[in-house]
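The lines below spell out each chain.
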Amino acid sequence: MEPIVSLIYCSEASEALQREAAVTALLEQARTNNRASGVSGVICIDRSHVLQCIEGGRGVINALYRRLVADDRHRNVTLLDYRYVARRSFRSWSMGYVAAGRVSRDVNLMYSAEHDFNPFQFSGEGAFLFVQEVGGLAGDDAPGA
């Protein structure tokens, strides 16, 4: 049996990903593909940044990350955390969604030097703890829903 890993990355959202319809399409595509591949996770998006945690078998997650790095819907993809985990944190979602605007300024400040959502300021451990914290806000809703 392959070990389960958790991978967290951040990136800069492209202009296309700043539209609600694009985020909705991304979520639909991710959920379909992730269900078929046994991947779970959560994504937090604002107009400038993406923070995503994906969980699953090591080989599947490594291959998915290579595809994500090449995706033109975002740029400056930066690996923040990669770890083996005993259990999934987001097993209920093929891809849970949190609009960054739903995260309080105090929670952002707890894990970075700013009140505003900027995952490039998170350490690896900070990113891991942040997604654990905001995972409770995640759902299957799409932007504007």
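Note that the coordinates shown come from a computational prediction; the quantities given were computed from them, not determined experimentally.

Caption draft 1: Spotlight on helix 2 (residues 58–70). With 13 residues, helix 2 ought to run about 18 Å at 1.5 Å a step, and its terminal C-alpha atoms sit 19 Å apart, in line with that. All of the buried residues in helix 2 are Ile61, Leu64, Tyr65 and Leu68. What you see down the axis of helix 2 is that its buried residues fit within an arc of 105°, all on one side. More than 90 degrees from the buried face of helix 2, the exposed residues found are Arg66, Arg67 and Ala70. In this structure, the buried residues of helix 2 make contact with strand 1 (4–13), helix 1 (20–37), strand 3 (49–57) and strand 4 (74–84).

Caption draft 2: Geometry of the environment of cysteine 44. Along the chain, cysteine 44 falls in strand 2 (residues 40–45). Spatially, the C-alpha atoms of cysteine 44 and glycine 135 are 9.3 Å apart, while their sequence positions differ by 91 residues. Discounting residues that sit within four places of it in the chain, cysteine 44 has contacts with His49, Val50, Leu51, Val98, Ala100, Val103, Phe117 and Phe130.

Caption draft 3: Expanded view of the pairing of strand 3. For strand 3, the tally of buried residues reaches 9 of 9 residues, placing the bulk of the element in the interior. The sheet contact formed by strand 1 and strand 3 spans 9 bridges and is antiparallel. Paired with leucine 7 across the bridge in strand 3 is isoleucine 54. Summarising the sheet, strand 2 and strand 3 pair through 6 bridges and their orientation is antiparallel. When the bridges of strand 3 are listed, isoleucine 45 appears paired with valine 50. The antiparallel hairpin formed by strand 2 and strand 3 contains 3 residues in its connecting segment.

Caption draft 4: Structural context of the side chain of arginine 31. Inspection of the secondary structure assignment puts arginine 31 in helix 1. By relative accessible area, which is 10% here, arginine 31 ends up buried. There is a polar contact of 2.8 Å between the side chain of arginine 31 and the backbone oxygen of methionine 95.

Caption draft 5: Representation of the pattern of salt bridges within the structure. Tallied over the full model, the rule gives 5 salt bridges. Between aspartate 81 and arginine 83 there is a salt bridge, with its nearest N and O atoms 2.8 Å apart. We note a salt bridge from aspartate 116 to arginine 105, for which the minimum N-O separation is 3.1 Å. Of this pair, aspartate 116 sits in the loop between helix 3 (105–111) and helix 4 (124–134) while arginine 105 is found in helix 3, placing the two residues 11 residues apart along the sequence. Look at aspartate 116 and you get partly exposed, because its relative accessible area is 47%. Classification of arginine 105 by relative accessible area gives partly exposed; the value is 48%. Each member of the salt-bridge network shares a partner with another, and the members are Asp81, Arg83 and Glu125.

Caption draft 6: The sheet that holds strand 1, seen in detail. Across the sheet, 5 strands lie side by side as 4-1-3-2-5; this open sheet has mixed pairing. The sheet is open, and its two borders are formed by strand 4 and strand 5 (96–99), each paired with just one other strand. Recorded for the sheet is a direction-independent mean angle of 15° between the axes of neighbouring strands. Along the sheet, helix 1 makes contact with strand 2 and strand 5, crossing strand 5 at roughly 155°.

Calculation rules
Residue indices begin from 1 for each chain and proceed along its sequence in written order. The predicted origin of the model limits local features to residues at a pLDDT of at least 70 and limits the giving and counting of side-chain atom pairs to 80 or more, whereas totals for whole chains, interfaces and linings rest on all residues. Heavy atoms from the whole structure form the basis of all side-chain values; hydrogens and water molecules are not counted. Each helix corresponds to a stretch of at least 4 residues labelled H or I by DSSP, and each strand to a stretch of at least 2 residues labelled E; elements are numbered beginning at the N terminus. Any helix carries an expected span of 1.5 Å times its number of residues minus one. The rule is simple: take the accessible area with a 1.4 Å probe, protein chains only, and divide by the maximum for that residue type; under 20% is buried, over 50% is exposed, in between is partly exposed. An arc is given here, and it is the one of the directions from the helix axis to the C-beta atoms. Pairs of residues are marked as contacts when any of their non-hydrogen atoms sit within 4.5 Å. Between any two strands, at least two bridges found by DSSP are needed for them to pair. Nitrogen and oxygen atoms within 3.5 Å of one another constitute a polar contact, given that in protein one can donate a hydrogen and the other can accept it, and given that sequence-neighbouring residues count only through two side-chain atoms. Take a side-chain nitrogen of Lys or Arg and a carboxyl oxygen of Asp or Glu: if they are within 4 Å of each other, that pair is a salt bridge. Here, axes are lines fitted to C-alpha atoms. For helices the fit covers the stretch in contact, and angles between N-to-C directions go from 0 to 180 degrees.

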